[in-house]
Amino acid sequence: MEFTESYKQSGPCCFSPNARFLAVAVDYRRVIRDVLSLKVVQLFSCLDKISYIEWAQDSEYILCGLYKKPMIQAWSLAQPEWTCKIDDGPAGIAYARWSPDSRHILTTSDFQLRLTVWSLVNTACIHVQWPKHASKGVSFTKDGKFAAICTRRDCKDYVNLLSCQTWEIMGVFAVDTLDLADIEWSPDDSFIVIWDSSLEYKVLIYSPDGRCLSKYQAYESGLGVKSVSWSPCGQFLAVGSYDQMLRVLNHLTWKVFAEFIHLNTVRAPCCAAAFKEVDEPLQLDMSELCLGDDFRQGNSENLSEGHIQVRYDVMELPITLPFQKPPADKPNPKQGIGLMSWSHDSQYICTRNDSMPAVLWIWDMHHLKLAAILVQKDPIRAAAWDPTCMRLVLCTGSPHLYMWTPSGAYCVNVPLPQFTITDLKWNSDGSCLLLKDKESFCCAAVPLLSESSEYSSDD
């Protein structure tokens, strides 16, 4: 792997959908860089510190959320002189997002009083009263023709279907939830999944015309759903729960066909590969060096810390995984499936049980079994699949990047001083990986991975 030098950042960073540009927030400035050279293409100054950045789908426009102001500013890459500023007055702005046509911006006001659709073409605006959430509760079809917006009135949750061409309400239907958590269209735009808050285990499947096709409830009298995700192929619906189980439903009968439990002890007959991160310090022989006592005492510790390398050891079953029991007297317990991500071809899904934050589980959906376990030294911050091949990368807030492929697991050291990876993102074409530190970022050129190739951490 090849790494660039580090660059300053102070907030959100994201690739453009066409994989050509990288937008970076640096205090009040929004910097647009070319992905290949990382040279600055455009530089704009905002009126306040940037809280949020989002590209339009056509990669021509970009918006910045200045939520402390609060306002939205937008620019055009093709026409640098064109600018847009959105200020909703006393209502405020809690969140903003692009519409699929890249010519409208949707904002949610403070206290969820209204959702406003702002047109960049004719400056018209349309209001939807009482949106359920600020950043959640809105989902667009993959073809960009319709939007599903969740609202709440008279202590009841509703779904409003709007046309993304005219922004007229095509239909409204009530949903059987106590406190709707979120909504998401299926990848083929045929179904809508809605799930309830953590206090009520309920997953509902609706058709676009408002018919409830299925209602799934795994158990009662306990904290319920924590995460939900469609597979890219649209045939599977994964539901992660607070009971530390991952359940997968099929799209034909909406019945559970796979249940994966996250135990703190893994035993045979499980045949998964278990990888554990271990230190591999660089041994320095200083016995023949003529150094003063002060130098030797003051620098020996720094030398050993600065040259620590890590590797994966393959563990034999049974193994006991590090487990943290959440306190019973505190809200929002750290347990259950808090991280969940599908591979691009829906063959694998990775999960993290929040009561075992340093363990990543990789499940094989073709054989319905556990494929691998990665046991890290530190809690896993982020994990992301390569959008083009079977490769998973993760970070733990350390100077190392961790990778898994069906052929094995690997540790890669980032050759930048004092650089720890707190977050990572793939470019849409899989050619570049963005690595974020607290106040800087770098990019990594990832080699192409064929199904038959053997990957080495030295590459």
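Residues numbered from 1 in each chain as written. Predicted model: local features only at pLDDT ≥ 70, side-chain atom pairs only at ≥ 80, totals over all residues. Heavy atoms only, no water.

Draft legend 1. Fine view of the sheet that holds strand β16 (residues 146-153). In space, the four strands of this open sheet follow the order β15-β16-β17-β18, with antiparallel pairing throughout. Of all strands in the sheet, those with a lone pairing partner are β15 (138-140) and β18 (169-174), marking the two edges. On average, each strand axis in the sheet is tilted by 20 degrees relative to the strand beside it, whichever way the strands run. Of the pairings in the sheet, the one linking β16 to strand β17 (residues 156-163) comprises eight bridges and is antiparallel in character. By the bridge assignment for β17, A148 is matched with L161. (Pairing = 2+ DSSP bridges. Helix = DSSP H or I, 4+ residues; strand = E, 2+ residues; numbered from the N terminus. Axes fitted to C-alpha atoms, helices over the stretch in contact; angles between N-to-C directions.)

Draft legend 2. A look at the sheet that holds strand β26 (residues 256-261). Here four strands make up an open sheet; going across it, the order is β23-β24-β25-β26 and the pairing antiparallel. The outermost strands of the open sheet, each flanked by one partner alone, are β23 (225-230) and β26. On average, each strand axis in the sheet is inclined to that of its neighbour by 20 degrees, with strand direction left out of account. Where strand β25 (residues 245-250) lies against β26, five bridges are found, and the strand directions are antiparallel. Looking at the pairing, V248 lines up with A258 of β26.

Draft legend 3. Region of the structure containing the side chain of S343. Relative to the assigned elements, S343 resides in the loop between β31 (337-342) and β32 (348-353). Only 3.3 Å separates the side chain of S343 from the backbone nitrogen of Q347, close enough to count as a polar contact. Residues within four places of S343 in sequence aside, it is in contact with P232, Y348, W385 and M390. (Polar contact = N/O pair within 3.5 Å; in protein donor to acceptor, adjacent residues only side chain to side chain. Contact = heavy atoms within 4.5 Å.)

Draft legend 4. Structural view of the pattern of salt bridges. Tallied over the entire structure, the rule returns 18 salt bridges. Here R211 makes a salt bridge to D209, at a shortest N to O gap of 3.0 Å. Assessed through its relative accessible area of 54%, D209 is described here as exposed. Of the charged contacts in the structure, one is a salt bridge between R247 and E259, with a shortest N-O distance of 3.8 Å. (Salt bridge = Lys/Arg side-chain N within 4 Å of Asp/Glu carboxyl O. Buried < 20%, exposed > 50% of the residue type's maximum accessible area, 1.4 Å probe, protein only.)

Draft legend 5. Geometry of the domain arrangement of the protein. Its domain assignment divides the protein into domain 1 (1-87) and domain 2 (264-282 + 308-413). A straight line from the C-alpha centre of domain 1 to that of domain 2 covers 32 Å. (Domains from an automatic or database assignment.)

Draft legend 6. The layout of surface pockets, seen in detail. Computed from the structure, the largest pocket encloses a volume of approximately 1100 Å³. Around the largest pocket, the lining is made up of 28 residues, and of these K142, E184, S229, W230 and S341 lie nearest the centre. Of all the elements in the fold, those that place two or more residues in the lining of the largest pocket are β15, β19 (180-185), β23 and β35 (382-385). Across the lining of the largest pocket, the residue classes break down as 13 nonpolar, 10 polar and five charged. (1 Å grid on protein atoms, 1.4 Å probe; cavity = no way out; pocket = protein on both sides within 12 Å on 5 of 7 lines; lining within 4 Å. Points joined across faces, edges and corners; volume = space filled by probe spheres on them. Nonpolar A, V, L, I, M, F, W, Y, C, P; charged D, E, K, R; others polar.)

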